[in-house]
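Spelled out, the chains give:
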Protein chains: 2
Amino acid sequence: MKSHQNMLRMMSLKHFLVISLALNVGLISKILFLGDKRVEEIYCLDNKGALGLEVSEEEAHVEKKDSSLKSSSYSFLPTTISAEDDGSIINLDHGDPTMYERYWQQMGDKTTVVISGWQLISYFSDIRKICWFLESEFANAVIRLHKQVGNALTEGRHIVVGTGSTQLFQAVLYALCPDNASEPMNVVSAAPFYSSYPLMTDYLKSGLYKWAGDAYKFRKDKPYIELVTSPNNPDGSSRKAVVNRNQGMLVHDLAYYWPQYTPISIPADHDIMLFTVSKSTGHAGTRLGWALVKDQEIAKRMTKFIELNTIGVSKDSQIRAAKILHHVADSIDHGPEYQETDNFFEFGYSLMAKRWTQLRAAVNRSNIFSLPSFPSGTCSFSGHTFESQPAFAWLKCEGEIEDCESFLRSHKILTRGGKHFGVGAEYVRISMMDRDGIFDRFAERLSTINSQVS
Amino acid sequence: MKSHQNMLRMMSLKHFLVISLALNVGLISKILFLGDKRVEEIYCLDNKGALGLEVSEEEAHVEKKDSSLKSSSYSFLPTTISAEDDGSIINLDHGDPTMYERYWQQMGDKTTVVISGWQLISYFSDIRKICWFLESEFANAVIRLHKQVGNALTEGRHIVVGTGSTQLFQAVLYALCPDNASEPMNVVSAAPFYSSYPLMTDYLKSGLYKWAGDAYKFRKDKPYIELVTSPNNPDGSSRKAVVNRNQGMLVHDLAYYWPQYTPISIPADHDIMLFTVSKSTGHAGTRLGWALVKDQEIAKRMTKFIELNTIGVSKDSQIRAAKILHHVADSIDHGPEYQETDNFFEFGYSLMAKRWTQLRAAVNRSNIFSLPSFPSGTCSFSGHTFESQPAFAWLKCEGEIEDCESFLRSHKILTRGGKHFGVGAEYVRISMMDRDGIFDRFAERLSTINSQVS
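Residues numbered from 1 in each chain as written. Chains lettered and ligands numbered in written order. Predicted model: local features only at pLDDT ≥ 70, side-chain atom pairs only at ≥ 80, totals over all residues. Heavy atoms only, no water.

**Q** Help me out: how do you make sense of the environment of K419(A) in this one?
**A** Relative to the helices and strands, K419(A) is located in the loop between β15 (416-417) and β16 (427-431). In this structure, the C-alpha to C-alpha distance between K419(A) and A291(A), residues 128 residues apart in sequence, is 29 Å. (Helix = DSSP H or I, 4+ residues; strand = E, 2+ residues; numbered from the N terminus.)

Pasting the structure below:
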């Protein structure tokens, strides 16, 4: 491995000049391609989809680098971009967790995965397990990390692996809904709720379940599924179930219950808990999530859904995720190979703290924007006492600005408006997880808007 | 890389004794666990699912090896198992393409993929493409291989990548069905049809589409989607559309249109064509398929489905599949690094030819079984003139045996009965893609049954 990586490093230096030149040409051509009309298209796309499908030139620039493994020399180009605001589009609509890229680059070879052509060929991982496509290495890593962080109980739970928590969410709906019911099951979540829940629930017009909106407004005396997202996407608040009726079933989406975002209070102990590597370690491109499920029959039904939906989950991704989760655990233990500064959650915690300080400073300069405040708590994992520093900022436009998304778009800042989350247009969700250069430019531009208006 | 692999080889020799001992202990415990009651359970599972969820001891044995990357030394244990029939269960119900494992082992490091922790982090591959999560390396490999083999036209097509062709099948249904229709779209396929089509179409009770059964019996004067699988799963026949009405839309599932299974006649030129690495290269565990789509709007809708279903497709799997497909193409060109015997399709062609000869010999010994015969054709790719040698054998029990699946199960051979494919119980589908030892033992046991009965 080492010699291999060294060779790549040498290559990268050798080819640096040629490649940077090529990238610059690509960048110029993209700048020519973008314009206001294009911005309008981007907005339309955002209204339709679960994700924003556009990124700023700088992101696309780095994107291109990431998506090529053949030219490994790309990888050693810097990913941090000048914070000087050139007035280009800043897309913080989607939660692409690229802020973690820098950490993983610093770790070098520690999490490099090597897979031979003859490995992982079969559909099956362990046919004696309920989740027969779950790689044991991945399951072990999940259990180890939860024990270490203390954010969820794994004892007496079945682990179901999924192609991201998006697939697991749909697997849970399938598992909880009887297939002989006279009408579809009601699916609710307290507003503001994750903008993808309604889309993922209704896109196939299933006869098993249907989106029933804001849990606070749910009045039917019918069976229901309540999605409890804590910390909540979009607003970062700590959540509990709100309907609390006896025909209810709860699904806890704990994608953000990690110590870089919020103080860990107690290990979560719910019947169905969803997690994903996208938001815990930043590996969104790996498309991998896991569910901790108490009831064996529900775990079986979820497994059946994933069998019918995709015949299991990529084993390559499971093996890679296992290595990454084991590294995170090792970085906490910091054994001989690890230094204090390798601690993954300390990196995330410090970076989120820095960004929230920058953002609150920009917002506090005037009275046209406001942000939620969070109670302070001591993290049982890190010992830090802090206020939640969520993966998304839930920004409110005050005063005369009625449509905050349009207002920010007029300043070429792309965000996701409140209506997608079941609330008013005065709110927007802003990703806090983008690359350093993008975030710094955003904070700077927000300050400028403030000073212009106030 | 080389030094790394050599190290693993040395390790493997060193630990061979310990590991084989450990595996034998595991094997014995599993043999004790299995019995006739267990066989009954397996049968029940088969009736419910798209896949058989049980494998014979020998498979589980090798399975275990596959699913551990930590102990790389496992990998050098032989995967061919003694052909002596110990009377244990032989599971050929599912199409697990493990017969290809031996080829990939022979190729050693040639298709080893190395992914660093900081690579492929983002959700996005190329945001300027319709399929924004498609890795360009994978797209290039797909186009290169189709051009070389001549089995499908890629010009003027959009490539949509999916988590196996299973996900792409559902993406196509979503893409072709208007979301404002008064009733669900009819989905049909000529019997015998792939047993998963009805399950994948109806498991969510979608209001967009519903399974309408055998295309030969479809009489409604309504819009419909016809699935044309050629070569067909289960019976290996070459297929054309059978309904041929003006309100019809066609989806061509070409998973088996590769030169190891059937003579390539002309490049397929249809509006929507589905392929998968599972059946082309044998990498089922990678869960990767691709669609070639003429219409841009359909490609966009399919992409939207995959966004809502799993927010894209594992980039780790795409990068690995790209390397594997490029190797297959290289092995055909046989450049300096490649020998004549490295040709992937020649390996597959020869092995399938050998197995079909074994199977027909076993079947022809008596008059209780029969197999379909196929017309002879010359392959435009390989130049070989041969009769199709499908990935599945479509076996018929003749005479008094009414339930062929139960009859073979009484001999501890697990197959998938005709009723799952929309036809009679006198038929069964048998996988021809299992590991050498399993297949040899199956052929031997089938001969014995023949000689017992006749």
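**Q** Is there a simple way to think about the domain arrangement of chain A in this case?
**A** How large an interface is tends to be reported as the accessible area lost when its parts come together. Residue and element names in this part refer to chain A. By the assigned domains, chain A splits into domain 1 (2-51), domain 2 (57-102 + 346-448) and domain 3 (123-333). Each of domain 2 and domain 3 has a C-alpha centre, and the two are 25 Å apart. Facing 28 residues of domain 2, the contacting portion of domain 3 comprises 26 residues. Here domain 2 and domain 3 share an interface that buries about 2200 Å² over both sides, 63% of which is from carbon and sulfur atoms. On the domain 2 side of the contact with domain 3, Y100, F381 and F421 bury the most area, a combined 27% of that side's loss. For the pair domain 2 and domain 3, the number of links is zero salt bridges. Between domain 2 and domain 3 we count nine residue pairs in polar contact (both at pLDDT 80 or more) in total. Secondary structure elements with two or more residues in the side of domain 2 that touches domain 3: α11 (344-364), β11 (376-378) and β13 (392-397). Considered class by class, the residues forming the side of domain 2 that touches domain 3 number 16 nonpolar, nine polar and three charged. (Domains from an automatic or database assignment. Contact = heavy atoms within 4.5 Å. Buried area = accessible area lost by both parts, 1.4 Å probe. Salt bridge = Lys/Arg side-chain N within 4 Å of Asp/Glu carboxyl O. Polar contact = N/O pair within 3.5 Å; in protein donor to acceptor, adjacent residues only side chain to side chain. Nonpolar A, V, L, I, M, F, W, Y, C, P; charged D, E, K, R; others polar.)

**Q** I tried to follow unusual backbone geometry on my own but got confused; where do I start?
**A** What you tend to see is this: most non-glycine residues have negative phi, and most peptide bonds are trans. Residues and elements named next belong to chain B. A cis amide bond links S230 with the next residue in sequence, P231, at an omega value of -10 degrees. Within the secondary structure, P231 is located in the loop between β6 (224-229) and β7 (248-253). Cis peptide bonds are those with omega within 30 degrees of zero, and the linkage from N233 to P234 qualifies with 25 degrees. Here P234 shows up in the loop between β6 and β7. Its identity as a non-glycine residue notwithstanding, I311 has a phi of 45 degrees, on the positive side. Positive phi outside glycine occurs at K412, with the angle close to 60 degrees. Within the secondary structure, K412 sits in the loop between α12 (404-409) and β14 (413-414).

**Q** Explanation requested: the UniProt feature "domain: Alliinase C-terminal" (unreviewed entry) in chain A in the structure shown.
**A** Cross-referencing UniProt, the feature "domain: Alliinase C-terminal" (unreviewed entry) maps to residues 90-449 of chain A in the present numbering. Between the first and last C-alpha atoms of residues 90-449 of chain A the distance is 14 Å; the span itself is 33% helix and 18% strand. (UniProt positions renumbered as here; feature names shortened; annotations may be inferred.)

**Q** Looking at this model, I keep getting lost on the side chain of S388(A). Mind explaining?
**A** With respect to the helices and strands, the residue S388(A) is situated in the loop between β12 (385-387) and β13. The residues touching S388(A), leaving out its near neighbours within four places in the chain, are Y261(A), T262(A), P263(A), F374(A) and P375(A).

**Q** How should the packing of aromatic side chains be read in this particular structure?
**A** Each aromatic ring pair is described using two quantities: the centre-to-centre distance and the angle formed by the ring planes. Residue and element names in this part refer to chain A. Taken as a whole and judged by the stated rule, the model has 58 aromatic pairs over all chains. Between the aromatic rings of F169 and Y197, the centroid separation amounts to 5.2 Å while the plane-to-plane angle is 20 degrees, which identifies the pairing as stacked. With F169 in helix α6 (residues 164-176) and Y197 in helix α7 (residues 196-202), the pair connects residues that are 28 residues apart, well separated along the chain. Consider the rings of W356 and F374, whose centres lie 6.3 Å apart with planes at 85 degrees: the pair is edge-to-face. Here F374 lies in the loop between β10 (369-370) and β11 and W356 lies in helix α11, a separation of 18 residues in the sequence. Across this residue pair, the class does not change: W356 and F374 are buried. (Phe/Tyr/Trp six-rings, centres within 6.5 Å; stacked < 30°, edge-to-face > 60°. Buried < 20%, exposed > 50% of the residue type's maximum accessible area, 1.4 Å probe, protein only.)

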